[in-house]
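Architecture and fold: a report
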Amino acid sequence: MISIALAGKPNAGKSTFYKAATMADVDVANYPFTTIDANRGVSHVRTDCPCLERDERCGDENCHDGKRYVPIELLDVAGLVPGAHEGRGLGNQFLDELTNADAIVNVVDASGGTNEEGEPVEIGTYDPVEEVDFIEEEMDQWLASIVERNWESVERKSRSPDFDIDDALADMLTGFGATEADVAASLRELDYPDDPIQWTDDHREALARDVRARTKPIILVANKADVAPPENIERLKETGKPVIPATAEGELALRQAEQAGAIDYDPGDDDFEVVGDPSDDQQAGLEKIREVMHEWGGTGVQQALNTAVYDLLDQITAYPVQNETKWTDAKGNVLPDAFLLPRGSTPKDLAYAVHSDIGDGYLHAVNGKTNRDISDDYELDEGDVVKVVSTAK
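Thresholds, definitions, all that
Residues numbered from 1 in each chain as written. Predicted model: local features only at pLDDT ≥ 70, side-chain atom pairs only at ≥ 80, totals over all residues. Heavy atoms only, no water. Helix = DSSP H or I, 4+ residues; strand = E, 2+ residues; numbered from the N terminus. Buried < 20%, exposed > 50% of the residue type's maximum accessible area, 1.4 Å probe, protein only. Contact = heavy atoms within 4.5 Å. Areas by Shrake-Rupley, 256 points an atom, 1.4 Å probe, with all protein chains shown as cover. Lys, Arg positive; Asp, Glu negative; His and termini not counted. Charge placed at Lys NZ, Arg CZ, Asp CG, Glu CD. Arc of directions from axis to C-beta. Core = buried A, V, L, I, M, F, W, Y, C linked by side-chain atoms within 4.5 Å. Pairing = 2+ DSSP bridges. Axes fitted to C-alpha atoms, helices over the stretch in contact; angles between N-to-C directions. Salt bridge = Lys/Arg side-chain N within 4 Å of Asp/Glu carboxyl O. Polar contact = N/O pair within 3.5 Å; in protein donor to acceptor, adjacent residues only side chain to side chain.

1. Looking at the overall build of the protein chain
Each helix and strand in the protein chain was counted, giving 13 helices and 14 strands. Here the C-alpha coordinates of the protein chain stretch approximately 75 × 65 × 35 Å along the principal axes. Looking at the protein chain as a whole, 51% of its 393 residues are labelled buried. If you take every contact in the protein chain between residues at least 6 apart in sequence, the share linking residues at least 24 apart comes to 65%. Carbon together with sulfur atoms contributes 43% to the accessible area of the protein chain, which is approximately 18200 Å² in total. Seen as two clouds, the 35 positive and the 81 negative side-chain charges of the protein chain have centres 4 Å apart.

2. Comments concerning helix 12 (residues 347-354)
Those residues of helix 12 not exposed but buried are Pro 347, Leu 350 and Ala 351. Looking straight down helix 12, one finds its buried side chains confined to an arc of 105°; they lie on one side. For helix 12, the secondary structure elements touched by its buried residues are strand 10 (315-321), strand 11 (339-342), helix 13 (356-360), strand 12 (362-367), strand 13 (372-374) and strand 14 (384-390).

3. A short note on the nonpolar core
By size, the foremost hydrophobic cluster in this structure holds 37 residues, and its most contacted members are Ile 4, Phe 17 and Leu 335. If you list the elements that add at least two residues to this core, you get strand 1 (3-7), helix 1 (14-22), strand 4 (67-76), strand 5 (103-109), strand 6 (218-223), helix 11 (301-312) and strand 10. In this view, Phe 17 contacts Leu 6, Val 221, Ala 248, Val 301, Ala 304 and Leu 305; residues no more than four positions away in its chain are not counted. If you look at the next biggest cluster of nonpolar residues, it comprises 21 residues, including Leu 143, Ile 146, Val 147 and Ala 170.

4. Side note on the sheet that holds strand 10
Spatial ordering of the open sheet is given by 11-10-14-12-13, a layout of 5 strands whose pairing is mixed. Every other strand in the sheet has two partners, leaving strand 11 and strand 13 as the edge strands with one partner each. Neighbour-to-neighbour, the strand axes of this sheet turn through a mean angle of 45°, independent of strand direction. As judged from the 4 bridges shared by strand 10 and strand 11, these two strands associate in the antiparallel manner. Among the inter-strand pairings, Ile 316 is bridged to a residue of strand 11, identified as Leu 341. Each of strand 10, strand 11, strand 12, strand 13 and strand 14 is contacted by helix 12, which is oriented at about 135° to strand 11, the strand it contacts most.

5. Section: the pairing of strand 2 (residues 39-48)
Only one face of strand 2 is covered, namely the one carrying Asn 39, Gly 41, Ser 43, Val 45 and Thr 47; the face carrying Arg 40, Val 42, His 44, Arg 46 and Asp 48 has none of its residues buried. Summarising the sheet, strand 2 and strand 4 pair through 10 bridges and their orientation is antiparallel. Within strand 4, the position partnered with Val 45 by the bridge is Val 70.

6. Description of the side chain of Lys 216
Position of Lys 216 relative to the elements: it lies in the loop between helix 7 (201-215) and strand 6. No salt bridge is formed by the buried Lys 216, whose closest oppositely charged neighbour, Asp 102, lies at an N-O distance of 6.6 Å. At 3.3 Å, the side chain of Lys 216 and the backbone oxygen of Ala 101 are in polar contact. At a separation of 2.6 Å, a polar atom in the side chain of Lys 216 contacts the main-chain carbonyl oxygen of Phe 176. Not counting chain neighbours up to four residues away, the residues in contact with Lys 216 comprise Leu 98, Thr 99, Ala 101, Asp 102, Ile 104, Met 139, Phe 176 and Gly 177.

7. Observations concerning helix 8 (residues 230-237)
For helix 8, the set of buried residues is Asn 232, Ile 233 and Leu 236. End-on view of helix 8: buried residues confined to an arc of 100°, all on one side of the axis. Summarising the contacts, the buried residues of helix 8 are in contact with strand 5, strand 6, strand 7 (243-245) and helix 10 (280-296).

8. Description of the pairing of strand 10
Buried residues dominate strand 10, accounting for 7 of its 7 residues. Here strand 10 shows no split at all, with Gln 315, Thr 317, Tyr 319 and Val 321 on one side and Ile 316, Ala 318 and Pro 320 on the other all buried. Where strand 10 and strand 14 come together, 4 bridges link them in parallel fashion. For Ala 318, the partnering residue across the bridge sits in strand 14 and is Asp 384.

9. Topic: the environment of Trp 199
Along the chain, Trp 199 falls in the loop between helix 6 (180-189) and helix 7. A relative accessible area of 4% means that Trp 199 is categorised as buried. Between the alpha carbons of Trp 199 and Glu 122 there is a distance of 47 Å; along the sequence they are 77 residues apart. A polar side-chain atom of Trp 199 sits 3.0 Å from the main-chain carbonyl oxygen of Pro 193.

As C-alpha cells, this is what we get:
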C-alpha cells in the first residue's frame, strides 16, 4: 500500500488533516506536540471508476456512483521544529517515522497564525513561506548525518577488488526507502571521486539531498486557507513548489455532517447538498465552507492526497478481474479490487501486486475493455481492467 506521511511544524493542522482524511479518533488541540506517537490510518485517493463506461455502476463499497476511492496508508507524526535533525523536540522520532513513506505532504499554516515553534500568534504575523523549505532541509540534513555515520563501512568495502559503489550505497540507503535504481540515478547526477576515502562532507550531503528528493518527494498544503490572508496563498504559490490550498477543519466538518446525514458529500467534491435540517449556526458554517470550496475547487484535502499519489509518485490504478467480460471475481463481484502501480507497470507487475504466487505463475493477460490478449511488456494505463491468467489459483 502506498504510504503518505504528513509533515510540518507543530500546530499547522496535521492531525486535523489526518482525522478528516481517515475519520480516525485522534487528538486535535491548539498547542505544540499534540501528536507524540505516530498515528497510522487508512485514507483514499479518488479516481474515475471504469464502471462509468458501463450501463450500471459497480456497487463496490469504495465506489460512490463512479467515484472510486483507492486505499492508501496515511501517517501523522509529531511536529517538526528547527534543529529536529539534531534531536530538538521530537525530531529524531519524527524523522525515523518517515523512512517508509513514499511521499511527504508538508502541511503549512498559511494563515501565519503560528510561529516557527508552532506557538499561536496573531494571524498574519508569521511568514508561512519560511516553512516551504523547512521540511526538506531537516530531512536532507538528517539523511546526510546517516550517510556520514555509516561512511566508514563504505570505505572498508572499497578495499575489496570487486567493490561497486552503487551496491555499497544501496545497502546503506535501503532502510531509507532508496532502491538500487535510485542510488544509480543519483550518482549519475553527481560529480564525485572514485575512491570513497576521497569523498568530502559536501559530496555526502549532495548525495543525501539527491536521494531524498528522489525517494521522498514533497507537496505543500497551504492549510487554514479559509482564514489565511490571500497574499499568503499567492506568495506560497510563487515559490514554485506544488501548493494545494486547503481547509482541513472544513473537510472534517463536512465529513462529520455527512455521517450525521445533514449533507450529501463525497470527499473531493467541489460542493455539497444539504439534505438534513441544520440549525442557523450550522447552516452559516456550511456556507462559509462552501465559499472556500468554490474558490479553490474543494477543501483541498482530497486534492492533496491525489496530487501526491497520481502526480508526485506518478501512479496509475489497475483493476484485476477473473472474468474479462463481466469484470467480476469468482464470486461475481464487479471490479472488486483496485491497485496502485507505478506508471510503466506491466500485466506481470499487476500479477505480483495481487499475490507473489500469481506473479510466479503468470502466463498471460487479457484486456477487459477490448477482450484481447495483451503483450507481457504492455504498459498499463489508468483505469485498465485486466484478467491475469496464472498457474496459481
